Amino acid sequence: MYKIGNVTLKNQLILAPMAGVNCTAFRLLCKEYGAGLVTTQMFHCDSIPVLFKEDKPKLDRLLGISKDERPVSIQLVGANPDNLKESTLILNDYADIIDFNLGCPDKDILANKSGGFLSKHPEQIERLLKPLIENSKKPVTAKIRTGWNNEDITVLKQIKILEDLGVDAIAIHGRTVKQKYQGKADWDLIKQAKERSNVPIIGNGDITEPGTAKFRLEQSKVDFVMIGRAALGNPFIFQQADYLLKNNKNQPKAINRDKQRAFLRFAELYKQNKEQFKISEFRQHAMWFTKSIQGAKRTRNEIMSLEDYDKIVKLVSTSYDI
């Protein structure tokens, strides 16, 4: 049995929070294909209380939580302790797990002295995370990076602070803030952190194949692995990794018919959620689903020129040479 706090997960595979990606339809698709836990994109603690008071239906639409995706983790970011407290009180009614982001490398988030800024200033973590933990009725997790840059690695200091505060799990992206998403994730540092930690550790970075997920779980002894960019247009990675972990052998690779079926399922889920519908977002997901097909460049150029949902669905579904 796999647990984070009092929340039970069916396996060790977690969908990473990704801004502009993790809409309700994508989370549901990844859950259907085997993710043990799905995570929303990042929400700012300054905006949630305002929306809750002024336009709660809009907040409901933005979060888009479905009973079919549970358990679901909602990720918060921010630098205002009062707003973090208020956001937590609100999200208690939506989330199964509340996650706090201490690693985002976005320049606007860093300028706000939040996200990855805290890897450089871990002494400020308690001031921000304490009101979240004290007011959460749900398990609280934190997502960190290994440090600010290669000369300022603070991962062990961060996990000690987080443990002392009482988080239920820590996700570690094996890159520094300055690396953003470049270079290789440092799984040796993740392994060291796991050896020093007394709470579940979630390893994140360069989980690109089912075999990578299995290898990293065994090599680093982390409790879970988090999969992000490798799931774009490829929900099969959760199904295949779960099969490999349970059976110690590879599941047959997805063929074009499988890929077509997955895209059509995503399109169906996306259309069902009318409150979140944005043609630009749907088009981007369609692009990811076509990244490995024959004639992908031509198809993707055509997708970018379309503004109609049905035309995009028809183009993508007929692009697989079945």
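Now for a quick tour of the structure. (Residues numbered from 1 in each chain as written. Predicted model: local features only at pLDDT ≥ 70, side-chain atom pairs only at ≥ 80, totals over all residues. Heavy atoms only, no water.)

Another aspect to go through is the overall build of the chain. Secondary structure summary: the chain contains 15 helices and 12 strands in total. Its C-alpha atoms give the chain a radius of gyration of 19 Å, within 12% of the compact-globule value 20 Å for 322 residues. With the C-alpha coordinates of the chain rotated into their principal frame, the extents come out at 55 × 50 × 35 Å. When the accessible surface of the chain is totalled, it reaches about 14,600 Å², and 47% of it is carbon and sulfur. Within the chain, the 39 negative side-chain charges are centred at a point lying 4 Å from the centre of the 50 positive side-chain charges. (Helix = DSSP H or I, 4+ residues; strand = E, 2+ residues; numbered from the N terminus. Rg over C-alpha atoms; globule rule 2.2 N^0.38 Å. Areas by Shrake-Rupley, 256 points an atom, 1.4 Å probe, with all protein chains shown as cover. Lys, Arg positive; Asp, Glu negative; His and termini not counted. Charge placed at Lys NZ, Arg CZ, Asp CG, Glu CD.)

Moving on, we get to the nonpolar core. Membership of the largest hydrophobic core comes to 92 residues, with the highest contact counts inside it found for Phe26, Leu129 and Phe282. Beyond its immediate stretch of four places on either side in the chain, Phe282 contacts Phe263, Phe266, Ala267, Tyr270, Tyr309, Ile312 and Val313. Membership of the second largest hydrophobic core comes to 12 residues, among which are Val7, Ala16, Ile202 and Phe224. (Core = buried A, V, L, I, M, F, W, Y, C linked by side-chain atoms within 4.5 Å. Buried < 20%, exposed > 50% of the residue type's maximum accessible area, 1.4 Å probe, protein only. Contact = heavy atoms within 4.5 Å.)

Before going further, it helps to spend a moment on a positive patch on the surface. A cluster of basic side chains, namely Lys107, Lys120, Lys178 and Lys180, defines a positive patch on the protein surface. Mapping Lys107 onto the fold places it in helix α5 (residues 107-111). The class of Lys107 is exposed, set by a relative accessible area of 67%. (Patch = residues over 30% accessible without salt bridge, like charges linked within 9 Å, V, L, I, M, F, W, Y side chains within 5 Å. Salt bridge = Lys/Arg side-chain N within 4 Å of Asp/Glu carboxyl O.)

Attention now goes to the packing of aromatic side chains. All chains considered together, the criterion is met by 11 aromatic pairs. Ring centres of Phe263 and Phe289 lie 5.5 Å apart, and the angle between their planes is 65°; on these two criteria the pair is classed as edge-to-face. Placement of Phe263 in helix α12 (residues 256-272) and of Phe289 in helix α13 (residues 279-289) is noted, with a sequence separation of 26 residues between them. Considered together, Phe263 and Phe289 belong to a single accessibility category, that of buried residues. Judged by centre distance (5.4 Å) and plane angle (40°), the rings of Tyr270 and Phe282 are tilted. Of this pair, Tyr270 sits in helix α12 while Phe282 sits in helix α13, and the two are 12 residues apart along the sequence. Taken together, the ring pairs in this structure connect Phe263, Phe266, Tyr270, Phe277, Phe282, Phe289 and Tyr309 into an aromatic cluster. Note that Arg145 overlies the ring of Tyr181, its terminal NZ or CZ placed 5.0 Å from the centroid. (Phe/Tyr/Trp six-rings, centres within 6.5 Å; stacked < 30°, edge-to-face > 60°. Lys NZ or Arg CZ within 6 Å of the ring centre and 35° of its normal.)

What follows is about the layout of surface pockets. Size it by volume and the largest pocket reaches roughly 650 Å³. Those elements giving two or more residues to the lining of the largest pocket turn out to be β7 (140-145) and β12 (224-227). A per-element tally of the lining of the largest pocket places β7 first, with three residues. For the lining of the largest pocket, the per-class residue count stands at 17 nonpolar, eight polar and seven charged. (1 Å grid on protein atoms, 1.4 Å probe; cavity = no way out; pocket = protein on both sides within 12 Å on 5 of 7 lines; lining within 4 Å. Points joined across faces, edges and corners; volume = space filled by probe spheres on them. Nonpolar A, V, L, I, M, F, W, Y, C, P; charged D, E, K, R; others polar.)

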